[in-house]
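For reference, the chains in residue letters:
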Amino acid sequence: MIGLLRGRILGKQPPGLLLDVQGVGYEVDVPMTTFYDLPAVGAEVTLYTHLAVREDAHTLYGFLRLTDRDLFRNLLRVNGVGARLALTILSGMDARAFTLCVQAGDTHALVRLPGIGKKTAERLIIELRDRLKLTAEAPAVAPGEPAESNPVEEAVSALVGLGYKPQEASRMVRTLATVDLSSEEIIRTALQATVQ
């Protein structure tokens with residue numbers, strides 16, 4: 001199992017990044033809550049990782065905070081929640097907000113997340129209520145400011161990578177696509193709009 005990677009960011013394309021670890025390039029998928037806090041391309045970063053092995057793929061998922069990886073692993077233990085859905089949940093809501101929703105039994109907030117219906121929300125609350133503990137953990141790194149060529153295309157690509165249909169992702173981004181917003185800001189705003 002690969003539990004931690006420390007290396008230089010070679011490229012970022014939401015929701016993934018390419019990490020150079022002593023000459024080996026690792027492709028790592030990260031939730032948008034981690035992506036927002038990554039330093040710029042070329043900077044060094046440490047990620048806690050989870051390796052998901054399937055017949056057709058080996059996928060690395062990365063997190064800046066250990067609590068995020070722990071939540072990801074707890075989500076995988078819930079019946080009907082796979083790695084992609086767990087990544088989408090962590091992209092739409094940070095670990096603390098998710099834990100608050102589960103402990104409060106707030107199904108209304110959970111069903112606003114993409115891919116979560118009422119039954120799945122109820123299952124998450126029942127199965128995770130006793131496992132999740134609130135922590136007051138600060139972000140591991142300060143947000144980076146990457147240079148981006150086409151924020152709208154990157155935002156649409158990231159939303160498709162999180163499980164949205166291309167038409168739905170385009171519709172979500174079209175209303176937010178202004179010159180003043182970076183791709184991270186467009187994605188964050190689009191995801192928050194679906195949660196509200």
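Residues numbered from 1 in each chain as written. Predicted model: local features only at pLDDT ≥ 70, side-chain atom pairs only at ≥ 80, totals over all residues. Heavy atoms only, no water.

Q: Can you lay out the sheet that holds strand β3 (residues 24-29) for me, pointing to particular residues and giving the numbers?
A: Within the closed barrel, the five strands sit side by side as β1-β2-β3-β5-β4. Their pairing is mixed. Pairs of neighbouring strands in the sheet enclose a mean axial angle of 55°, with direction left out of account. Pairing of strand β1 (residues 4-13) with strand β4 (residues 44-53), which is carried by five bridges, proceeds in the antiparallel orientation. Its bridge partner being in β4, Leu-5 is matched across the sheet by Leu-47. In the packing of helix α2 (residues 66-76) onto the sheet, the strands contacted are β4 and β5 (58-63), and the crossing angle to β4 comes to about 10°. (Pairing = 2+ DSSP bridges. Helix = DSSP H or I, 4+ residues; strand = E, 2+ residues; numbered from the N terminus. Axes fitted to C-alpha atoms, helices over the stretch in contact; angles between N-to-C directions. Contact = heavy atoms within 4.5 Å.)

Q: Break down the confidence of the model for the protein for me, with residues and values.
A: The pLDDT averaged across the protein works out to 80; a share of 83% of its residues lies at or above 70. Counted against residues more than four places away or in other chains, residues 135-149, with its pLDDT under 50, gives 31 contacts. (pLDDT = per-residue confidence, 0-100.)

Q: Go over the side chain of Arg-69 with me, naming the residues and quoting the values.
A: Within the element layout of this structure, Arg-69 appears in helix α2. Buried within the structure, Arg-69 lacks any salt-bridge partner; its nearest side chain of opposite charge belongs to Asp-70, at an N-O separation of 4.4 Å. Not counting the four nearest positions on each side in its chain, Arg-69 is found in contact with Gly-3, Tyr-48, Thr-49, His-50 and Phe-63. (Buried < 20%, exposed > 50% of the residue type's maximum accessible area, 1.4 Å probe, protein only. Lys, Arg positive; Asp, Glu negative; His and termini not counted. Salt bridge = Lys/Arg side-chain N within 4 Å of Asp/Glu carboxyl O.)

Q: Describe the pattern of salt bridges, naming the residues involved and giving the relevant values.
A: As a working rule, side chains carrying opposite charge can pair if their charged atoms are close by. Tallied over the entire structure, the rule returns five salt bridges. In this structure, Arg-65 engages Asp-37 in a salt bridge whose closest nitrogen and oxygen atoms are separated by 3.4 Å. Placement of the pair is Arg-65 in the loop between β5 and α2 and Asp-37 in the loop between α1 (32-35) and β4, with a sequence separation of 28 residues. By relative accessible area, Arg-65 is classed as buried at 10%. Asp-37 sits in the buried class, given a relative accessible area of 14%. Residues participating in the shared-partner salt-bridge network are Asp-37, Arg-65 and Asp-68.

Q: Before we move on, can you summarise the packing of α2 against helix α3 (residues 83-92) with the specific residues and values?
A: With their axes 9 Å apart at the nearest point, α2 and α3 run at an angle of 135° to one another. The orientation of α2 with respect to α3, classified from their angle, is oblique. Judged by the twist between their axes, the crossing of α2 over α3 is right-handed. Seen from α2, the contacting residues are Asp-68, Leu-71, Phe-72, Leu-75 and Leu-76; seen from α3, they are Ala-83, Ala-86, Leu-87, Ile-89 and Leu-90. Looking at the contact of α2 with α3 residue by residue, the classes come out as nine nonpolar, no polar and one charged. (Parallel < 35°, antiparallel > 145°, perpendicular 65-115°, else oblique. Left-handed = near helix turned anticlockwise from the far one by under 90°. Nonpolar A, V, L, I, M, F, W, Y, C, P; charged D, E, K, R; others polar.)

Q: Mind laying out the nonpolar core, listing which residues take part and the relevant values?
A: Ranked by internal contacts, the top residues of the largest apolar core, which has 56 residues, are Leu-75, Phe-98, Leu-110, Leu-124 and Leu-159. Sort the elements by how many residues they give to this core and α3 lands first, with six residues. What Leu-159 contacts, discounting residues up to four positions off in sequence, is Tyr-164, Ala-169, Met-172, Val-173, Ile-187, Ala-190 and Leu-191. (Core = buried A, V, L, I, M, F, W, Y, C linked by side-chain atoms within 4.5 Å.)

Q: I'd like a description of helix α6 (residues 118-128), backed by residues and values.
A: Thr-120, Ala-121, Leu-124, Ile-125 and Leu-128 are the residues of α6 that are buried. Projected onto a plane normal to the axis of α6, the buried residues spread over an arc of 140° and lie on a single side. Facing away from the buried surface of α6 by more than 90 degrees, the exposed residues are Lys-118, Lys-119 and Ile-126. As for α6, its buried residues are in contact with α2, α3, α4 (95-104) and α5 (107-111). (Arc of directions from axis to C-beta.)

Q: Help me get a handle on the environment of Gly-25, residues and values and all.
A: Position of Gly-25 relative to the elements: it lies in strand β3. Taking the relative accessible area as the measure of exposure, Gly-25 reaches 48% and is therefore partly exposed. Those residues in contact with Gly-25, other than ones at most four positions away along the chain, are Leu-18, Leu-19 and Asp-20.

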